[in-house]
Amino acid sequence: MSALTPIRSALISVFHKDGLAPILHALQKDGVSLYSTGGTQTFIEAQGLSCTAIEEVTGFPSILDGRVKTLHPNVFGGILWRRSNIEDQKTVAERNIPSFDMVIVDLYPFEDTVASGASEAEIIEKIDIGGISLIRAGAKNFNDVWMVSSRGEYQEVLDILHTQGAQTSLAQRKAFAGRSFQVSNHYDSAIATWFAGELKPFPNLAGPRKSLRYGENPHQSAWFIGNLDELFIQHNGKELSYNNLLDIDAAMLFCAEGKEAPTVAIIKHNNACGMASANSLSQAWDRALQTDPVSAFGGVIACNETVDEDSALKMNDLFFEVIIAPRYSVAALEILKSKKNRIILESQPSEWPQYMVRSTLNGVLLQARDIHRDNESDLTIATKRSPSAQEVDDLLFASAVCKHSKSNTIVLAKDRRLISSGVGQTSRVDALKQAIQKAESFGISLEGAVMASDAFFPFPDCVEIAYEAGIRAVIQPGGSIKDQLSTEYCDSKDMTMVMTGIRHFKH
C-alpha cells in the first residue's frame, strides 16, 4: 500500500445518524478533532464525545432556518486548500483557517420526501445545498481529504479505521471521491426530474433524454437517452420510434460485418431476413431481398455504401420503414423521398459504445459488447477434409451474421449471401429445421451452402440434418464433451467442420 496520510480533523454534517456512532468513537479514539453543525453536533455530544460547533469556525450563526450553515470560506478553505502548495499554506495560516482532513456527509432525503407525497414547500426544503457543496469540495481535493458521502460506505470506513487507524492511502481517498461524484450526480438528477414534472427512470444515466411516442407497444412509455444528431442526418420521414431505434441498431451492426464489399442488410424484429455482399450495392440488394421478400415488407434496410439511382429504384418497389446509408446520390434521395413517411437516415462516422446496458430484476446488467469477428486465424479444422477457400469465405460470412442473430440460431449462407436462418429457438435442432423450411418455402437450394451455429452442438443431430439438406461445410465454436460425435459424422460424409473457440450467444 502507498504511504498513509493521517487524519487530524473531521467535519461531519449528516441527516440520518444511524451507523455513525462507531465511526465517531473510532476517530476520537485516534485523536481526531470533530467539527459539526446543529443536529449532528447534538448527536455527537450525546455520545459523550467532544465536538466543535461550525459556528466557531465561521464566526457566523446558522441563518435562514438552517439554509446557510457551512457555506463559508473558513469551511471550504479548510477542505480545499492544497497541503503541498506553499501559497495555500500561507493563506490558511494568515486567515487562521482550520484544516479538515475528512468530511462525512449524509444528504437531505430528497427522493424519500418526494415519494412520501409531501408538499412542494417541504420538498424544496429537502434540496441540500451545503451538503452537496461539501461533497464536491471534499471529493475534488481527494489528494488531501477523505470524502465519505454515503451511509452505504460506513462499514468500509470502519474497516479502514480498525485496520489502519485514522489514516488513509491516496488510492482509498480517490475511490471514495469517485463514488462521491456518483452520489452528487444521482441527487441532482432526482431534483431535475422532479422539477421537470415527469417520470424519469434511471435519472443518473447521462445524456440528453428524449421522450418517444411509446415503447414496444402503445401502452408502454419510453425514452431515448443520447444524441441521435451525432449519428444521423434525417432527410425524410416521421419521428423515430422505440422499435425503429432497436431495428436501426441491429441493421447497422449486421451491415458493418460486410466491410470488404458493398453490403445490404434487411432487418425485421432485430434479426436479418436478408443480407448479402456483391460487386455493387444494386446487386447486393437483389441478392438480399431474394432471401425472404415476405419478411422484408415493413423492415429496416442498412447499406454500407452510397445508395445510387439504380439501387433506389429497386428499393422503392418495396414498402419499408427505414433506410440507413453513409450517402445518397441526389437522384436516389428524390426517389426514396416519394414516400413521405419513409425514414431516410444518412449515417455519420461514429463508434459504438464499448458496453451494453440492460435492466434486469431490481438492477442493471452491464457487459462488454461482443466485438470479436471470427477470422481465418481463429479456425481449427476438426475434420479430415479441409474447407476450400470459397467455403472459408462463406463460413466466416455466416458466422458474422450468426453473431448478431437471436439465440439459439443457425445461419445458412452461400456466396456471401444469407440463404436463411432459424433464430430465437429453444433448441438448435428447431433453429436448423426452421432455416431449412424457410429456404425451401422460397425455392432456394441448399446444395453447397454452409452452416453456422452460435454455440456448440451437444449431439450430431444438427450435422446429420444439415447433410441431408445439402450442406457440406459447418462452422461452430466447439467445446462440447461430445464434439467428436459431430466430427466423426462429418468425416463419414466427407463434410468439413471448423471450430472457432468463440461462442456468440445473443439474448
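These numbers were taken from a predicted model, which means no experiment stands behind them.

Conventions and cut-offs
- Residues numbered from 1 in each chain as written.
- Predicted model: local features only at pLDDT ≥ 70, side-chain atom pairs only at ≥ 80, totals over all residues.
- Heavy atoms only, no water.
- Helix = DSSP H or I, 4+ residues; strand = E, 2+ residues; numbered from the N terminus.
- Rg over C-alpha atoms; globule rule 2.2 N^0.38 Å.
- Buried < 20%, exposed > 50% of the residue type's maximum accessible area, 1.4 Å probe, protein only.
- Pairing = 2+ DSSP bridges.
- Axes fitted to C-alpha atoms, helices over the stretch in contact; angles between N-to-C directions.
- Polar contact = N/O pair within 3.5 Å; in protein donor to acceptor, adjacent residues only side chain to side chain.
- Contact = heavy atoms within 4.5 Å.
- Phe/Tyr/Trp six-rings, centres within 6.5 Å; stacked < 30°, edge-to-face > 60°.
- Lys NZ or Arg CZ within 6 Å of the ring centre and 35° of its normal.
- Disulfide = S-S within 2.5 Å.
- Salt bridge = Lys/Arg side-chain N within 4 Å of Asp/Glu carboxyl O.
- Parallel < 35°, antiparallel > 145°, perpendicular 65-115°, else oblique.
- Left-handed = near helix turned anticlockwise from the far one by under 90°.
- Nonpolar A, V, L, I, M, F, W, Y, C, P; charged D, E, K, R; others polar.
- Expected span 1.5 Å × (residues − 1).

Caption draft 1: Inspection of the overall build of the chain at higher detail. Counting secondary structure elements, the chain contains 19 helices and 23 strands. For 507 residues, the compact-globule formula gives about 23 Å, and the C-alpha radius of gyration of the chain, at 32 Å, lies well above that figure. The principal-axis extents of the C-alpha atoms in the chain amount to approximately 90 × 55 × 45 Å. Per-residue burial for the chain yields a buried fraction of 48% across its 507 residues.

Caption draft 2: Molecular detail of unusual backbone geometry. Cis geometry is found at the peptide bond from serine 407 to asparagine 408, where omega equals -15 degrees. Its location among the elements puts asparagine 408 in the loop between α16 (389–403) and β19 (410–413). Residue histidine 269 is not a glycine yet carries a positive backbone phi of 50 degrees. Given a relative accessible area of 64%, histidine 269 falls into the exposed group.

Caption draft 3: Here's a closer look at the sheet that holds strand β15 (residues 343–347). One open sheet accounts for 6 strands, arranged β10-β15-β14-β13-β11-β12; its pairing is mixed. Lying at the two open borders of the sheet, with one neighbouring strand each, are β10 (232–236) and β12 (271–277). Across the sheet, the mean angle separating the axes of adjacent strands is 15 degrees when strand polarity is ignored.

Caption draft 4: A look at the sheet that holds strand β4 (residues 52–53). Taken together, 5 strands build an open sheet; the order of strands is β4-β3-β2-β5-β6 and the sheet is parallel. Only two strands of the sheet have a single partner each, and these edge strands are β4 and β6 (146–148). Examined bridge by bridge, strand β2 (residues 9–14) and strand β3 (residues 33–36) share 4 bridges and lie parallel to one another. Residue pairing across strands places leucine 11 opposite tyrosine 35, the latter belonging to β3.

Caption draft 5: Just the side chain of serine 420, in detail. By secondary structure assignment, the location of serine 420 is in strand β20 (residues 418–422). Classification of serine 420 as buried rests on a relative accessible area of 1%. A polar atom in the side chain of serine 420 sits 2.7 Å from the backbone oxygen of alanine 435.

Caption draft 6: Main features of helix α12 (residues 281–291). For α12, the complete set of buried residues consists of Leu281, Ser282, Ala284, Trp285, Ala288 and Thr291. Where α12 is buried, its residues contact β11 (263–268), β12, α13 (293–296), β13 (300–303), α14 (309–315) and β20.

Caption draft 7: How the structure looks around the packing of aromatic side chains. Under the counting rule described, the total for this entry stands at 8 aromatic pairs. A centroid spacing of 5.9 Å and a plane angle of 75 degrees characterise the contact between phenylalanine 15 and tyrosine 108, whose relative ring orientation is edge-to-face. Residue phenylalanine 15 is found in the loop between β2 and α1 (21–29), and its partner tyrosine 108 is found in the loop between β5 (102–106) and α6 (110–115); the two are separated by 93 residues along the sequence. Where tryptophan 194 meets phenylalanine 195, the ring centres are 4.9 Å apart and the plane angle is 80 degrees; that geometry is what we call edge-to-face. Of the residues examined, tryptophan 194 reaches a relative accessible area of 22% and is grouped as partly exposed. Positioned above the aromatic ring of phenylalanine 176, the side-chain terminus of arginine 179 is 4.5 Å from the ring centre. Sitting above the plane of the phenylalanine 320 ring, arginine 342 keeps its charged end 4.2 Å from the centroid.

Caption draft 8: Structural detail: the state of the cysteines. Scanning the model with the defined rule gives 0 disulfides in all. The thiol of cysteine 462 is unpaired, and the distance to the nearest cysteine sulfur, on cysteine 490, comes to 11 Å.

Caption draft 9: Representation of the pattern of salt bridges. Summed over the entire model, instances satisfying the criterion amount to 19 salt bridges. Residues arginine 373 and glutamate 260 are paired through a salt bridge, measuring 3.3 Å at the closest nitrogen-oxygen approach. A residue pair is termed long-range when its members are at least 10 positions apart, and arginine 373 in the loop between β17 (363–368) and β18 (380–381) and glutamate 260 in the loop between α11 (242–256) and β11 qualify at 113 residues. In this structure arginine 373 comes out as partly exposed when scored by relative accessible area, which is 27%. On the accessibility criterion, glutamate 260 (51% relative accessible area) is exposed.

Caption draft 10: Structural context of the packing of helix α8 (residues 130–140) against helix α10 (residues 170–196). Contact geometry of α8 with α10 gives a least axis separation of 9 Å together with a crossing angle of 150 degrees. Taken as axis vectors, α8 and α10 run roughly antiparallel relative to one another. The hand of the α8/α10 crossing is left-handed. Together, Ile132, Ile135, Arg136, Ala139 and Lys140 of α8 and Ala177, Ser180, Phe181, Val183, Ser184, Tyr187 and Asp188 of α10 make up the contact between the two elements. Of the residues contributing to the contact of α8 with α10, the split by class is 7 nonpolar, 2 polar and 3 charged.

Caption draft 11: Layout of the environment of lysine 506. Turning to its location among the elements, lysine 506 is positioned in the segment after β23 (496–499). In the structure, lysine 506 is positioned 101 residues away from serine 405 in sequence and 6.7 Å away in space, judged by C-alpha atoms.

Caption draft 12: Broad picture of α16. Between its terminal C-alpha atoms α16 stretches 21 Å, which fits the 21 Å expected from 15 residues at 1.5 Å a residue. When you tally the buried positions in α16, you get 12 out of 15 residues, the bulk of the element.

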